[in-house]
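Commentary on secondary and tertiary structure
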Amino acid sequence: QVQLVESGGGLVQPGGSLRLSCAASGSIRSITAMGWYRQAPGKQRELVAVITSGGSTNYADSMKGRFTISRDNAKNTVYLQMNSLKPEDTAVYYCRGWDTARLSYWGQGTQVTVSS
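Attention in this report is confined to the structure presented alongside it. (Residues numbered from 1 in each chain as written. Predicted model: local features only at pLDDT ≥ 70, side-chain atom pairs only at ≥ 80, totals over all residues. Heavy atoms only, no water.)

**Things to note about the packing of aromatic side chains**
Inspection of every chain in the model, using the stated rule, returns two aromatic pairs. A centroid spacing of 5.1 Å and a plane angle of 70° characterise the contact between Tyr37 and Trp106, whose relative ring orientation is edge-to-face. Taken together, the residues Tyr37 in strand E4 (residues 31-39) and Trp106 in strand E10 (residues 104-106) connect sequence positions 69 residues apart. Residue Tyr37 is classed as buried on the basis of its relative accessible area, which comes to 13%. Residue classification places Trp106 among the partly exposed residues on the basis of a relative accessible area of 34%. Relative to Trp106, the ring of Tyr94 lies with its centre 6.3 Å away and its plane at 90°, an arrangement referred to as edge-to-face. On the criterion of sequence distance, the pair formed by Tyr94 in strand E9 (residues 91-99) and Trp106 in strand E10 is long-range, its members being twelve residues apart. In this structure Tyr94 comes out as buried when scored by relative accessible area, which is 14%. Residue placement shows Arg45 over the ring face of Tyr94; its charged tip is 3.7 Å from the ring centre. Across from the ring centre of Trp106, 4.6 Å away, lies the NZ or CZ of Arg45, which sits over that ring. (Phe/Tyr/Trp six-rings, centres within 6.5 Å; stacked < 30°, edge-to-face > 60°. Helix = DSSP H or I, 4+ residues; strand = E, 2+ residues; numbered from the N terminus. Buried < 20%, exposed > 50% of the residue type's maximum accessible area, 1.4 Å probe, protein only. Lys NZ or Arg CZ within 6 Å of the ring centre and 35° of its normal.)

Here it is as structure tokens:
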């Protein structure tokens, strides 16, 4: 079992930045890829970015150039640096991890609100 806990969400003005963190615990040696998803009110959950254990990354097109995913394997933590935030980035952001059995785990989510 893997537990994921997100932090770093909050209220930010348009054009501002936030950094989200997701700390993994439990059977962390089994974790392979980790990623971020988001869900806005009334919309489906969507991929934001994914990073493999080797550091390869993949981003949703609308996030490229503004968001950066990274991970610190020593701290079992994945980060999402979000810059140039827009009101449409408002959503609950979820951390997701996959293990070697290809099972996935979700965090509880952290709210990001972009508003003036």
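**With respect to the nonpolar core**
Nonpolar side chains in soluble globular proteins generally cluster together in the buried interior. Of all hydrophobic cores here, the largest spans 29 residues; its most connected members are Trp36, Leu80, Met82 and Tyr93. Of all the elements in the fold, those that place two or more residues in this core are strand E1 (2-7), strand E3 (18-26), E4, strand E5 (46-51), strand E7 (67-72), strand E8 (77-82), E9 and strand E11 (110-114). Among the elements that take part in this core, E3 stands out by supplying four residues, more than any other. Those residues in contact with Met82 that sit more than four places away from it in its chain are Gly16, Ser17, Leu18, Leu20, Arg66, Phe67, Tyr93 and Val112. (Core = buried A, V, L, I, M, F, W, Y, C linked by side-chain atoms within 4.5 Å. Contact = heavy atoms within 4.5 Å.)

**Focus on the pattern of salt bridges**
The tally for this structure, following the rule as stated, stands at four salt bridges. Measuring nitrogen to oxygen at the nearest pair gives 2.9 Å for the salt bridge that ties Asp89 to Arg38. One end of the pair, Asp89, is in the loop between E8 and E9; the other, Arg38, is in strand E4, with 51 residues separating them in the sequence. When its relative accessible area of 8% is taken as the criterion, Arg38 is described as buried. Arg66 is paired through a salt bridge with Asp89; the nearest N and O atoms lie 2.7 Å apart. (Salt bridge = Lys/Arg side-chain N within 4 Å of Asp/Glu carboxyl O.)

It is worth stressing that arrangement in space is one thing and function is another; only the former is reported here.
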